[in-house]
Structures are given as C-alpha cells and as structure tokens.
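Chain residues, written in single-letter form:
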Amino acid sequence: HIQDPASQRLTWNKPPKSVLVIKKIRDASLLQPFKELCVYLTEENNMIVYVEKKVLEDPAIANDENFGPVKKKFCTFREDYDDISNQIDFIICLGGDGTLLYASSLFQGSVPPVMAFHLGSLGFLTPFNFENFQSQVTQVIEGNAALVLRSRLKVKVVKEHREKMTVQNGIEENGVVSANLEKEVGKQIMQYQVLNEVVVDRGPSSYLSNVDVFLNGHLITTVQGDGVIVSTPTGSTAYAAAAGASMIHPNVPAIMITPICPHSLSFRPIVVPAGVELKIMLSPDARNTAWVSFDGRKRQEICHGDSISITTSCYPLPSICCRDPVSDWFESLAQCLHWNVRKKQNNFAGEEEE
C-alpha cells in the first residue's frame, strides 16, 4: 500500500505548550516580525518560547524597552551546549531555507514539526507568508495542517586516529566544541543528521577527486571529477539540481547520487532506494585527499583509511505545509526556480492552409 501524501496530517496528543523560534541572524528586516510573533505567542497563546541566546544579543532587541517584558519570559539556549530536544513541541522559522537546515541540525534525534515563514532570499522550503501569521499559527496550534515528512540522512564518519586529542567538558584543546564525538582505540567516529546533502569534493587540490562509492558493501563506481553529492529528495532541488540531477518530491523514499563535473561523458545522476547503505572512501591510488561537508557545515578533510557511511535516518523532519505537500512543492518550483517558464507559442490566426 502506497500512502497518499495528502493523508499526512498534524495531530497533537495534547495541546502544544512550548515553541522554538529560529530567526535568521544579522538581518535587520526580521526584527519586527520576530517581535510581533513572540508577543503573539507569549501574550495571546500563553506559550513558552525558546530562543537562541545569540538572537537576543542583537542590539536592536537588547535595547528595545518595549520588548523587555516579553524578552524576560523567554527560555534561552546555546547551540552545542544546551540540549533542548525533549522540551520543544514545535518550531517556527523566520528566514530562508538556511533556517530550516539549521533547525534540523539542532535535533540529532526526533524533530518537532517545523513551520517555516518565507523571509529569506530563496524560500523553496518555506511555504508560509508572514502577512497573516496569526491565523496560520493558530491553525497549527489547533492541529489543522498538512505535513510532509522530509527524510534525512544518517551519516557516520570514521577517521583513523592520527594525533592525540584531549576532550574536556565537550571542548577540544583548540577551543572548538566537539559535537556528537565518540572515540575508539585508533578511531574517531562522528555522526550527523543531514537534511539536504552530503558533499564530497576535491577541496583546494588541483587534481581530480578519486573516491570509491560502495552500495551495501559492493563497489558500484569510482568518482573521478570534482566530487559527488549524496542527497535526500529535499536536497534534490538544492546543490544536486545545480549539478544536473532530477528534482524529486520529498515524499519519494530515495537517495540520490549526483557527480560534480565528472570526467566522463556517461556518468549520469542515479536514484537508489532509501533503505540502502552507501559508503564513500578515498580510492587506494588517489593522488590527494578529499573534503566532506554536511548541509554546508562541519567541513572536514577525508584521508586514506577514512570512510563515510550514509543511510536514510529513522528521524525525518516533519515540515508543516501551507496547503498540501503536492501544491506547496509545485508552487516552490514555479516561484523559486521558475520551472518550465518560457514564452508561449502563438496559435494560428486563421485556418491552416493546405
């Protein structure tokens, strides 16, 4: 039985009480919408509002006396320090697609439903307009909304332990916070939940990248080119689309493998089932190392002996729809990417002559 995407609806076991508001940093145009939303949530709906501490450090917010009483009601947190994963009922994003990716990164396990307002540049993943936010937020609180479950990738990076690193209270000796870091004898293991894509590229090297791609333990190909993109259907409209891949609706259970500038005329993007496990390693005869990033973050070098294992996560991101999963997606294709936009062909003015 194939589930109809329209049948996925937001339902609350009990009324939501806490909401995480994520605002795009360093964007003055979002200050007023942020204030209006927070006042509405705290005073009209009596909700507990969580806000990242660095958002409230903005001088325009810190020095606003009228906003002071509302600000005192906030619960604050710091990324990589405070765990709020079990304290949030749903999330509201103000900004562009990057805010949704950031919300995903904050929850390495189960993700609360996310309502994203289009206040950024592209807005492919943010279907809501802010003009009538009160009625839309009320509908979500009442459970009257459609959902699309955006699959994520579970990524495990295993690195050969090459140097001694001391980790104290979650902070490495160079001052960088170590998130999701585990240690084995001679191994360093890191895990990530990725919403868009894992990108393996040649980094600063002038040589082609040379990486082996395994599927369920079998070598399927060696990538020689600028690199390879492993993406979710949500990520199919991001970097993968720019590299020539097909665009896949987020309800399709799949993983996409897209080469970046392959040095081969026959290397076409492919789609594999969501249940498989991919493994990427440097080829034994690779001239240089490779670099990997996860949704554009946590960029790091991959050397001989290191491996990247990728499979579909069991923790999708529930994205709240403005209308429904199909309408929202095609609306984004038309408005953001101008899909199939061209001047129409003129019809014949009169009857066609024989």
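Cut-off values and rules
- Residues numbered from 1 in each chain as written.
- Predicted model: local features only at pLDDT ≥ 70, side-chain atom pairs only at ≥ 80, totals over all residues.
- Heavy atoms only, no water.
- Helix = DSSP H or I, 4+ residues; strand = E, 2+ residues; numbered from the N terminus.
- Buried < 20%, exposed > 50% of the residue type's maximum accessible area, 1.4 Å probe, protein only.
- Contact = heavy atoms within 4.5 Å.
- Lys, Arg positive; Asp, Glu negative; His and termini not counted.
- Charge placed at Lys NZ, Arg CZ, Asp CG, Glu CD.
- Pairing = 2+ DSSP bridges.
- Axes fitted to C-alpha atoms, helices over the stretch in contact; angles between N-to-C directions.
- Domains from an automatic or database assignment.
- Buried area = accessible area lost by both parts, 1.4 Å probe.
- Salt bridge = Lys/Arg side-chain N within 4 Å of Asp/Glu carboxyl O.
- Nonpolar A, V, L, I, M, F, W, Y, C, P; charged D, E, K, R; others polar.
- 1 Å grid on protein atoms, 1.4 Å probe; cavity = no way out; pocket = protein on both sides within 12 Å on 5 of 7 lines; lining within 4 Å.
- Points joined across faces, edges and corners; volume = space filled by probe spheres on them.
- Parallel < 35°, antiparallel > 145°, perpendicular 65-115°, else oblique.
- Left-handed = near helix turned anticlockwise from the far one by under 90°.
- Expected span 1.5 Å × (residues − 1).
- Core = buried A, V, L, I, M, F, W, Y, C linked by side-chain atoms within 4.5 Å.

A. Region of the structure containing the overall build of the protein. For the protein, the helix and strand inventory stands at eight helices and 22 strands. For the protein, the proportion of its 354 residues judged to be buried stands at 47%. Of the contacts formed within the protein by residues at least 6 apart in sequence, a portion of 71% connects residues at least 24 apart. Counting 33 positive and 40 negative side-chain charges, the protein places the averaged centre of each group 5 Å from the other.

B. The sheet that holds strand E15 (residues 227-231), seen in detail. Reading across from one edge, E17-E16-E15-E12-E19-E20 is the order of the six strands in this open sheet, with antiparallel pairing throughout. Two strands close off the open sheet at either side, each with one partner strand: strand E17 (270-273) and strand E20 (297-302). Sheet twist, expressed as the mean angle between neighbouring strand axes with direction ignored, is 20°. As judged from the five bridges shared by E15 and strand E16 (residues 254-260), these two strands associate in the antiparallel manner. By the bridge assignment for E16, Ile 229 is matched with Thr 258.

C. The arrangement of the domain arrangement of the protein in detail. Considered domain by domain, the protein is made up of domain 1 (9-151 + 316-337) and domain 2 (153-161 + 186-312). A separation of 30 Å is found between the C-alpha centroids of domain 1 and domain 2. Across the boundary between the two partners, domain 1 contributes 20 residues, which contact 18 residues of domain 2. Of all residues in domain 1, the largest losses of buried area upon contact with domain 2 belong to Leu 101, Ser 151 and Trp 329, amounting jointly to 37% of the total for that side. Here domain 1 and domain 2 share one salt bridge between them. Going through the elements one at a time, helix H5 (97-106), strand E6 (147-150) and helix H8 (325-336) are the ones with two or more residues in the side of domain 1 that touches domain 2. Sort the elements by how many residues they give to the side of domain 1 that touches domain 2 and H5 lands first, with five residues. Residues belonging to the side of domain 1 that touches domain 2 are distributed by class as follows: 13 nonpolar, four polar and three charged.

D. Spatial organisation of empty space enclosed by the protein. Going through the model one piece at a time under the given rule, you end up with one cavity of 30 Å³ or more. For the largest cavity, the calculated volume is near 110 Å³. Lining the largest cavity are 14 residues, and of these Phe 124, Pro 127, Arg 150, Asp 328 and Trp 329 sit closest to its centre. Those elements that place two or more of their residues in the lining of the largest cavity are E6, strand E22 (317-320) and H8. Ranked by residue count, the leading element in the lining of the largest cavity is H8, at four residues.

E. Examining the packing of helix H1 (residues 31-44) against helix H6 (residues 133-141) more closely. Contact geometry for H1 and H6: axes closest at 11 Å, N-to-C directions at 45°. As judged from the angle between their axes, H1 and H6 are oblique. Crossing angle aside, the handedness with which H1 passes H6 is right-handed. Of the residues in H6, those in contact with Glu 36, Leu 37, Tyr 40 and Leu 41 of H1 are Phe 133, Gln 134, Val 137 and Thr 138. For the contact of H1 with H6, the class distribution of residues is five nonpolar, two polar and one charged.

F. Here's a closer look at the pattern of salt bridges. Using the criterion set out here, one finds eight salt bridges in the structure. Put simply, Glu 79 and Arg 297 hold a salt bridge, and the shortest N to O gap is 3.1 Å. With a gap of 218 residues between them, Glu 79 in the loop between strand E3 (75-77) and strand E4 (90-95) and Arg 297 in strand E20 connect regions that are remote in the sequence. Given the relative accessible area of 19%, Glu 79 is considered buried.

G. Broad picture of H1. The first and last C-alpha atoms of H1 sit 19 Å apart over 14 residues, in line with the 20 Å expected at 1.5 Å per residue. Taken together, the buried positions of H1 are Leu 31, Pro 33, Phe 34, Lys 35, Leu 37, Cys 38, Tyr 40, Leu 41 and Thr 42. In the segment just after H1, Asn 46 is the residue with positive phi, at about 55°.

H. Here's a closer look at H5. H5 sits mainly inside the fold: eight of its ten residues count as buried. When H5 is considered as a whole, its buried residues turn out to be Asp 97, Thr 99, Leu 100, Leu 101, Tyr 102, Ala 103, Ser 104 and Leu 106.

I. Examining the nonpolar core more closely. Within the largest apolar cluster, 32 residues are counted, with the highest numbers of intra-cluster contacts made by Phe 34, Leu 37, Leu 41, Phe 74, Ile 92, Phe 117 and Val 137. Within the residue set of this core, elements represented by two or more residues are strand E1 (18-23), H1, strand E2 (48-52), helix H2 (53-56), E4, strand E5 (114-118) and H6. At six residues, the largest contribution of residues to this core is made by H1. Those residues in contact with Leu 37 that sit more than four places away from it in its chain are Val 21, Ile 92, Leu 94, Phe 130, Phe 133 and Val 137. Judged by nonpolar contacts, the second largest core, of 29 residues, contains Val 155, Met 190, Ile 257 and Ile 302.

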